[in-house]
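# A look at the structure
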Amino acid sequence: MAEKKKMKSEASSSNSNSSGGQNSSRAESVVMDVGRRRNSCGYCRSASHTSISHGLWALSLTVDDYQALLDRGWRRSGCFVYKPEMERTCCPSYTIRLEASEFVPTKEQLRVSKRVQRFLDGTLDVRKPEKVMNEWSISGGSCSSSQNESANCMAMEFSSGDHEEQKNQGSEDLLFTSNVSFQISAALRQAKKGVGHVQYSKCSTEENGQYPEISPKLIAEILARHLKEVPESCGLSIRACNGHINFYSTGNQNMYNDIVKSGTMWKQLPAESGRKHSCLNKIFVTSQGKRRQLEIRLRRSSYDPEEYSLYRKYQLRVHNDTPDQVSEFSYRRFLVDTPLIFVPPTGDGTVPPCGFGSFHQQYLIDGQLVAVGVIDILPKCLSSKYLFWDPDLAFLSLGKYSALEEIRWVKENQVHCPSLQYYYLGYYIHSCNKMRYKAAYRPSELLCPLRYQWIPFDVAKPLLDRKRYVVLSDFASLTKGEPLPPTTLQNHMEDLHGDLFSECKDDVFIHEDVEMIELDSEDSDVDSEPETSSSPPAAAEDGDVGNILIGMKSLRLRFKDLCQAFGSSERRYMETQLQRYMRAVGAELSERIVYQPDLPLTRMQEIDE
């Protein structure tokens, strides 16, 4: 445990070095391999440790190396970089991207954009009917099914109201109504095989050994009862009516009347004196009467008290975290700390005006911070990591709006940096319905988990409808709508099924914070025994562990030049660890990224001397 705490400390402290830009003397990637991690899954809510990934603590990462890792299925959470073991984990997570110049918005996405513009123009009356969509951040959506989260995740529709019901409610105004109960009821009917796991209320009875169907009316009553305190804290009341969940104002004043905003031009602001984070601002301006102003700032990743305050409000109200779960320390480690080495703009068409690195994209309405997108800008893409927004503005669907803005940013900056073409949305998890929204940004591609080729989503979807884990590149020649060869997919990877949830004695059992994807190893025990598995390597690549670049304090040597410094048992241990590491990152990256062994400090000093 002491070694793991040291890893975290070194990774976090390296953040200041990684963010140093031109002054950074560490233009190299340095990682520590922490191996396979096992934890409970936040997507399928499995009771056992069925979510399996490989982890690295990154002391520093060049943007080119992190881009290469993304294109091999990796992703970062703070300074921790992880990759699902796709053929073994319970919910395979496929990296998803789209080419920004080819993006075609859906009607719903266009409606979201128009809704925000009408709000900026002052023509959107939030008291009138207006559809409010699911709010899910691109890198952090959860698959929780708790009743409290249902309030924050349900699709709502503003309603003009039932006049008879309004008459009975006196001065209360019906602001909006939700039909989520009907959606939940339909989902339960479709998932008949899993209905036995649902716990029913005491009023439900079993008939002939079968669980009865829960009606939307009953679901609405249960949700309204458990969610009562949430709307009351916002000055609203909640009641169930014939399967709908109705939200009322408690007086004649509309709670949104005091919320303010505007609307289009990018301008670059000079870097603030003494601060490392310059910013780019996009300001929406109109010349008509009563208008609101939307300002979009792009700033280098750093701690901002105002951002943390908004993040805390978002986590408490949208994801129902407890106050002790939303500490400043966890926020810094999750969304501020970064191993990426900043690359300043060069003006030669190889780097965008903001540079490469980790950024926070702030959305301000009339000077008030309302949303923050945490992103990485890399040589080929903008990688969306997380978004948090003001729950009071949920009706604007800022999650969708920010995704559209990030796609637009990529398209606009291709003029300055032609290599910047893609928008990465994180992981697409087909086995979790609530994570399928990412495929709405079209045309998208999924990364093959074995050969790391990009496959059109329209080709991958029918495959994933039948199997959770598929080597997508095996079907790359298929066109949209073409039927699958008989029994091909049925037999695909069938031999791995029995091994999918088998445990290896060196697996590390950890707990995952679902909302933050924070793969924490502080309470883990690491077994130094080699991994044992009947499944094939994640990717068959030619490589020699002797060529892996090893970092021993001040030394940078190939393992083949260093192995004589180890004893026979120590050498065998190192070779096993390096083979596992090379399978995970690939032969090419293993020869470029500095691998820092997990050896006692005294032993490293001996070798260094």
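Residues numbered from 1 in each chain as written. Predicted model: local features only at pLDDT ≥ 70, side-chain atom pairs only at ≥ 80, totals over all residues. Heavy atoms only, no water.

## So, the overall build of the protein chain
- Of the regular secondary structure elements, the protein chain holds 17 helices and 25 strands.
- Within the protein chain, the fraction of its 609 residues that count as buried is 55%.
- When the accessible surface of the protein chain is totalled, it reaches about 26,800 Å², and 49% of it is carbon and sulfur. (Helix = DSSP H or I, 4+ residues; strand = E, 2+ residues; numbered from the N terminus. Buried < 20%, exposed > 50% of the residue type's maximum accessible area, 1.4 Å probe, protein only. Areas by Shrake-Rupley, 256 points an atom, 1.4 Å probe, with all protein chains shown as cover.)

## Quick word on the packing of aromatic side chains
- Counted according to the given criterion, the structure contains 18 aromatic pairs.
- Judged by centre distance (6.3 Å) and plane angle (80°), the ring pair of Tyr331 and Phe388 falls under edge-to-face. Within this pair, whereas Tyr331 is found in helix H10 (residues 328-336), its partner Phe388 is found in strand S16 (residues 381-389), the two being separated by 57 residues in sequence. For the residue pair Tyr331 and Phe388, the accessibility class agrees, reading buried in each case.
- For the pair Tyr424 and Trp454, a centre-to-centre distance of 5.7 Å together with 80° between the ring planes defines the contact as edge-to-face. Of this pair, Tyr424 sits in strand S17 (residues 422-428) while Trp454 sits in strand S19 (residues 454-456), and the two are 30 residues apart along the sequence. The burial state of Tyr424 is the same as that of Trp454; both residues are buried.
- Taken together, the ring pairs in this structure connect Tyr303, Tyr308, Tyr311, Tyr331 and Phe388 into an aromatic cluster.
- It is Arg97 that lies over the ring of Tyr422; its NZ or CZ is 3.7 Å from the centre.
- The ring of Phe119 is capped by Arg292, whose NZ or CZ atom sits 4.1 Å from the centre of that ring. (Phe/Tyr/Trp six-rings, centres within 6.5 Å; stacked < 30°, edge-to-face > 60°. Lys NZ or Arg CZ within 6 Å of the ring centre and 35° of its normal.)

## Some points on the confidence of the model for the protein chain
- Mean pLDDT over the protein chain works out to 75, with 64% of the residues at or above the 70 mark.
- Confidence drops under pLDDT 50 across residues 20-26; counting only partners more than four residues distant or on other chains, this segment forms 10 contacts.
- Here residues 251-278 is modelled with pLDDT under 50, and outside its nearest four sequence neighbours on either side it reaches 83 contacts, counting other chains as well. (pLDDT = per-residue confidence, 0-100. Contact = heavy atoms within 4.5 Å.)

## Concerning the packing of helix H3 (residues 107-121) against helix H11 (residues 398-413)
- For the pair H3 and H11, interaxial distance at closest approach is 9 Å and the crossing angle is 100°. Relative to H11, H3 is oriented roughly perpendicular. Of the residues in H11, those in contact with Gln109, Val112, Ser113, Val116 and Gln117 of H3 are Lys400, Tyr401 and Leu404.
- Among the residues forming the contact of H3 with H11, the class breakdown is four nonpolar, three polar and one charged. (Axes fitted to C-alpha atoms, helices over the stretch in contact; angles between N-to-C directions. Parallel < 35°, antiparallel > 145°, perpendicular 65-115°, else oblique. Nonpolar A, V, L, I, M, F, W, Y, C, P; charged D, E, K, R; others polar.)

## A few points about the environment of Thr350
- Mapped onto the secondary structure, Thr350 falls in the loop between H10 and strand S14 (357-365).
- The exposure class assigned to Thr350 is partly exposed, which follows from its relative accessible area of 43%.
- Along the primary structure Thr350 and Pro379 are separated by 29 residues, whereas in three dimensions their C-alpha atoms are 8.1 Å apart.
- Apart from the residues within four sequence positions on either side, Thr350 is in contact with Phe356, His416 and Cys417.
- Of the polar contacts made by the side chain of Thr350, one reaches the side chain of Thr346; its length is 3.3 Å. (Polar contact = N/O pair within 3.5 Å; in protein donor to acceptor, adjacent residues only side chain to side chain.)

## Structural notes on the side chain of Ser383
- Along the polypeptide, Ser383 turns up in strand S16.
- Classification of Ser383 by relative accessible area gives buried; the value is 2%.
- Filtering out sequence-adjacent residues up to four positions away, Ser383 remains in contact with Leu70, Arg75, Val374, Ile375, Asp376 and Tyr424.

## A look at unusual backbone geometry
- Look at the link from Arg442 to Pro443: it is a cis peptide, with omega at -5°.
- Although it is not a glycine, Ser397 sits at a positive phi angle of roughly 55°.
- Looking at the element boundaries, Ser397 is found in the loop between S16 and H11.
- For Tyr452, which is not glycine, the phi torsion reads 60° and is therefore positive.

## Focus on helix H9 (residues 305-317)
- Its 13 residues place the ends of H9 18 Å apart at the C-alpha level, agreeing with the 18 Å of an ideal helix rising 1.5 Å per residue.
- Among the residues of H9, Glu307, Tyr308, Leu310, Tyr311, Tyr314 and Gln315 are the ones counted as buried. In a view along the axis of H9, the buried residues occupy a sector of 165°, so they form one face of it.
- Each element contacted by the buried residues of H9 is listed here: H10, S14, strand S15 (368-377) and S16. (Expected span 1.5 Å × (residues − 1). Arc of directions from axis to C-beta.)

## Concerning the nonpolar core
- Grouped together as the largest cluster of nonpolar side chains are 76 residues, with contacts concentrated most on Leu69, Ile377, Leu446 and Leu472.
- Per-element accounting of this core gives the leading share, six residues, to helix H15 (residues 568-585).
- In this structure, Leu472 is in contact with Tyr94, Leu446, Leu447, Cys448, Pro449, Ile455, Ala460 and Leu463, ignoring residues within four places of it in sequence.
- With 34 residues, the next largest nonpolar core counts Leu335, Leu364, Ile365 and Val370 among its residues. (Core = buried A, V, L, I, M, F, W, Y, C linked by side-chain atoms within 4.5 Å.)

## Quick look at the pattern of salt bridges
- One pass over the full model with this rule turns up 19 salt bridges.
- A salt bridge links Arg580 to Asp33; its shortest N-O distance comes to 3.3 Å. The pair Arg580 / Asp33 is uniform in exposure class, with both members buried.
- Among the salt bridges present, the one from Asp474 reaches Arg451, with a minimum N-O distance of 2.6 Å. With Asp474 in the loop between helix H12 (457-464) and helix H13 (488-491) and Arg451 in the loop between strand S18 (444-447) and S19, the pair connects residues that are 23 residues apart, well separated along the chain.
- On the accessibility criterion, Asp474 (39% relative accessible area) is partly exposed. (Salt bridge = Lys/Arg side-chain N within 4 Å of Asp/Glu carboxyl O.)

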